[in-house]
Amino acid sequence: MQNIFLNYILKSIMINKLNWFLFFGLIYSINLVSQSNQTNKLQIYPCGTYKLISKTTYKNGNKIGKHGTIQVKPISSDKIIMSFYVNLGFPTYNSGSFIDTLTIESNNATYKIPEYDSSCQIKFKFSISTISISETTEDYYMGCGFGNAVRTDGLQFKKTSSKIPKIKDFTTGEVFE
C-alpha cells in the first residue's frame, strides 16, 4: 500500500515537472515571437543623401534621362525634413520638388499637399540603403504641384551618403541650416 502511494506521488511530481516544463517552454516561445516582431519594427535611420536610380546620358551638353536627389535630415525620433527633387531631363527639363517636414513611422513617410492637390499622396518607404516611392493623384500630368508629366510612382533612390545634409532647395540653390 505504501509503494502504491509513493508511486502515485512520484508520478504526480513528474507530471507537474512536465507541466512546468511545457509552461516555461510556452512562455519562452511567446517571448521569442514578441522579440522577433519588435525586430521587424526597428526604425531605419534615414539620414543622408539619396540619388535617383536611373540611366542618364549627356548629348551635346544636355542631360538626357530622369535624375533626382533626396536629402533627409532627422529633427526628432519621428520627424524628418526632406528636400525632394526629380527632373525629366532633356528636352523639357520638367521637374518636381518640395522641402517639407514629414512624419516617419515604421520606416514610411507620406508627403501630402492638400492646399494644392487634395488627391496627392507620395509615400516614401525607407530601407537600409534605398527609398522606394509610390504616388497617387487624380492628375498624373500636373498632380502634386509638379511640372507637366512629372511622376514619382515607382522611382527608387539609392543612399550615397549617411552624413547629415545641409538641406538644399534644388530649384533655387538656397541652403537651409
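Residues numbered from 1 in each chain as written. Predicted model: local features only at pLDDT ≥ 70, side-chain atom pairs only at ≥ 80, totals over all residues. Heavy atoms only, no water.

### Quick look at the environment of G154
As a reminder, the rule being used: The helix count covers DSSP runs of H or I at least four residues long, the strand count covers runs of E at least two residues long, and both are numbered beginning at the N terminus. For this analysis, residues touch if any pair of their heavy atoms sits within 4.5 Å.
Note that G154 resides in the loop between β8 (130-136) and β9 (156-161). Along the backbone, G154 and S132 are 22 residues apart, and their C-alpha atoms lie at a distance of 6.9 Å. Setting aside residues no more than four positions away along its own chain, G154 makes contact with I133 and S134.

### As for the pairing of strand β7 (residues 117-126)
A regular strand places its side chains on the two faces of the sheet in alternate fashion. Put simply, the rule is: Between any two strands, at least two bridges found by DSSP are needed for them to pair.
In the sheet, strand β6 (residues 108-113) pairs with β7 via 5 bridges, with the strands oriented antiparallel. The residue of β7 that forms the bridge with A109 is F124. As paired strands, β7 and β8 are joined by 6 bridges and run antiparallel to one another. Counted as the bridge partner of K123 is S134 from β8. Between β7 and β8, which pair antiparallel and follow one another directly, the connecting turn spans 3 residues.

### Observations concerning the confidence of the model for the protein
The condition that has to hold: Here pLDDT means the predictor's own confidence in every residue, given as a number from 0 to 100.
For the protein, the mean per-residue pLDDT works out to 82, and 76% of the residues sit at or above 70. Mean pLDDT across the elements of the protein bottoms out in helix α1 (residues 2-40) (50) and peaks in β9 (97). Contacts from residues 20-40, a stretch scored under 50 in pLDDT, to residues over four places away or in other chains number 0 contacts.

### Notes on the side chain of N107
Just so we agree on the cut-off: When a residue's accessible area, from a 1.4 Å probe over protein chains only, is under 20% of the maximum for its type it is buried; when over 50% it is exposed; and in between it is partly exposed. Counted as a polar contact is a pair of N or O atoms within 3.5 Å, where, for protein atoms, one must be capable of donating a hydrogen and the other of accepting one, and residues adjacent in sequence contribute only when both atoms are in side chains.
Secondary-structure assignment places N107 in the loop between β5 (95-105) and β6. Take N107: its relative accessible area is 11%, and that puts it in the buried class. Within the local environment of N107, its side chain forms a polar contact with the backbone nitrogen of I44, the two atoms lying 2.5 Å apart.

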